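An overview of the molecular structure
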Amino acid sequence: MLEALAGLGWIWSLGLILAVLFVLAYEFINGFHDTANAVATVIYTNAMPARGAVLASALFNFAGVLLGGLGVAYAIVHLLPVGLLLDMDSSQGLLLVFSLLFSAIVWNLGTWFFGIPASSSHTLIGSIMGVGGAYAWLNGQSPLDGVNTGKAIDIMLSLLLSPTLGFILAAILLLVMKRIWRKPKLHRTPAEQVAVNGKKHPPFWARITLIASAMGVSFAHGSNDGQKGIGLVMLVLICMAPGYFALDLNSQSFDMDRTQDANRRIMALYERNPQLVANLGEHAADSRCQDSAIASMQSLDRLLEQWSTVTELTQEQRRQARQLILCIDDSTRKLAKQPLPGAEATQLKHWRGQLNAMTEYAPLWVIVAVALALGCGTMVGWRRIVHTVGEKIGNGGMTYSQGIAAQLTAAGSIGIASMTGMPVSTTHILSSAVAGTMVANGSGLQKNTIKQILLTWVLTLPMTIVLSAGLFMLVQTLFA
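Residues numbered from 1 in each chain as written. Predicted model: local features only at pLDDT ≥ 70, side-chain atom pairs only at ≥ 80, totals over all residues. Heavy atoms only, no water.

Identification of the protein chain as Phosphate transporter from Shewanella algae is taken from an unreviewed UniProt entry. The UniProt entry for the protein chain carries this comment under Catalytic activity (unreviewed entry): "phosphate(in) + H(+)(in) = phosphate(out) + H(+)(out)". Checking UniProt for the protein chain, the heading Sequence similarities (unreviewed entry) contains the comment "Belongs to the inorganic phosphate transporter (PiT) (TC 2.A.20) family. Pit subfamily." (UniProt positions renumbered as here; feature names shortened; annotations may be inferred.)

1. Focus: the overall build of the protein chain
The secondary structure content of the protein chain amounts to 21 helices and zero strands. Looking at the protein chain as a whole, 57% of its 480 residues qualify as buried. Expressed as a percentage of contacts within the protein chain between residues at least 6 apart in sequence, the contacts between residues at least 24 apart total 88%. (Helix = DSSP H or I, 4+ residues; strand = E, 2+ residues; numbered from the N terminus. Buried < 20%, exposed > 50% of the residue type's maximum accessible area, 1.4 Å probe, protein only. Contact = heavy atoms within 4.5 Å.)

2. Some words on the packing of helix α3 (residues 50–67) against helix α10 (residues 204–240)
Interhelical geometry of α3 versus α10 gives an angle of 50° and a closest axis separation of 7 Å. Between α3 and α10, the crossing angle belongs to the class labelled oblique. Both α3 and α10 take part in a crossing whose hand is right-handed. Of the residues in α10, those touching α3 at A53, A56, S57, F60, N61, A63, G64, V65 and L67 are M215, S218, F219, H221, G222, S223, G226 and I230. A class-by-class count of the residues in the contact of α3 with α10 yields nine nonpolar, eight polar and no charged. (Axes fitted to C-alpha atoms, helices over the stretch in contact; angles between N-to-C directions. Parallel < 35°, antiparallel > 145°, perpendicular 65-115°, else oblique. Left-handed = near helix turned anticlockwise from the far one by under 90°. Nonpolar A, V, L, I, M, F, W, Y, C, P; charged D, E, K, R; others polar.)

3. Examining the UniProt feature "transmembrane region" (unreviewed entry) in the protein chain
The positions UniProt marks with the feature "transmembrane region" (unreviewed entry) are residues 6–26, 93–114, 120–138, 159–177, 204–222, 229–247, 362–382 and 453–475. Spanning residues 159–177, this segment combines 100% helix with 0% strand, and its end C-alpha atoms are found 27 Å apart.

4. Examining the environment of Q315
Relative to the helices and strands, Q315 is located in helix α15 (residues 315–335). Using a relative accessible area of 38% as the deciding quantity, one classes Q315 as partly exposed. Between the alpha carbons of Q315 and A241 there is a distance of 9.6 Å; along the sequence they are 74 residues apart. Ignoring any residue separated from it by four or fewer positions in sequence, one finds Q315 in contact with G243 and Y244. Within the structure, Q315 has its side chain in polar contact with the side chain of Y244 (distance 3.2 Å). (Polar contact = N/O pair within 3.5 Å; in protein donor to acceptor, adjacent residues only side chain to side chain.)

5. A few points about the pattern of salt bridges
On inspection of all chains with the given rule, the structure shows nine salt bridges. Residues D225 and K228 are paired through a salt bridge, measuring 3.0 Å at the closest nitrogen-oxygen approach. Here D225 and its partner K228 are both found in helix α10, three residues apart, which amounts to about one turn of the helix. A relative accessible area of 1% places D225 in the buried class. Of the residues examined, K228 reaches a relative accessible area of 3% and is grouped as buried. Across the salt bridge formed by D255 and R258, the nearest N and O atoms sit 3.1 Å from each other. Taken together, the residues D255 and R258, both in helix α12 (residues 253–272) and three residues apart, mark about one turn of the helix. We classify D255 as buried; its relative accessible area is 17%. Here the salt bridges share partners, and the residues they tie into one network are R264, D301 and E305. (Salt bridge = Lys/Arg side-chain N within 4 Å of Asp/Glu carboxyl O.)

Structure follows, in structure tokens:
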């Protein structure tokens, strides 16, 4: 990091530091905006006191970021096409970063202020798509050239399907629980519990399950949304100092050898399966991948053959190596969807991981900083969303069994998404899970709240695309 700052000069170094701080501010806001959903149920049902729940949630969010991996982080980075980050200069990178972060923060704060459970994932993805499309437009290309449409479609399908599944699975789980545990005490609301026996807290095992599942949601939220913060920081670093962050400078000769070996093995696989390769088309989906996959592999092999460590490469060679690796990976991702013979499909997945090891990384300071920002943000601003989730989604109050069903569904869904590297919305999964339990319980839904949530869900993506794109084009024009 210090080497990068020294190489940029003091003005751009200041810009880079401010951009990273801006990302951490976004992640702090994400903490109290989204994590309120993780503690809403456990606070509403009196399973834990509010301060204890929020503090515990912050700790589990912190742990989730540290242990969550980087699959979701690079799903965010790869929303912008291969090479786009490497093509722009530092000034364009600075304007792009601040435009997308400003629009994401404004939308998140606005929806939080009105107590509407809105998705930070939608907000972030819309902002990235907006600035990517605007950058392409200003450079005489189609706006679609500024977005990795394949990755965007995958992410949007994930964001669309996950709340639907959350609604259905939570409803089914509640019905199963009502069939297995017929005693009414598990199916009371907090108000009913006080009225029946004067007890404030849920029954013992219900309370334990509510607490455990709430911490599961918090951990899963950290592993998914925390990775988005890591991806944002890496987006900033690659945008503004690609020569220093295009590849992991801590890579050793072993890592270079591993990448070269994976490249050669993938090249041999292509040569063994010419017909399947022909089905992919000559070029990768990204317009900046001008050569065929085989030609890119040969170029990468020649480049890596000359050097033993990443630090020996010039800044331009690091940029070139990153672009070649990502172009190759873009092609192999499509090849992986073809019916490969024998064990080659499994081998290709393994080789892709080795190929990307030097490009899909994050320094430890990035992971810790994001974890701290998310954890600290969790401890403030949660009250507005708790009230909405607990009392304003359904016509009746939330029962203990509903809270358990909603939280188990959310924790499982978000955890699986994190392991598969897909960004999802904690807000929408939990809100839809609560709505599913309300319907299954016969309570019905409050139309006004549901309309607000659905309207926000529909508007978030186009509004953040327009906001970030408009802001980027405005500042680009002013500072051109």
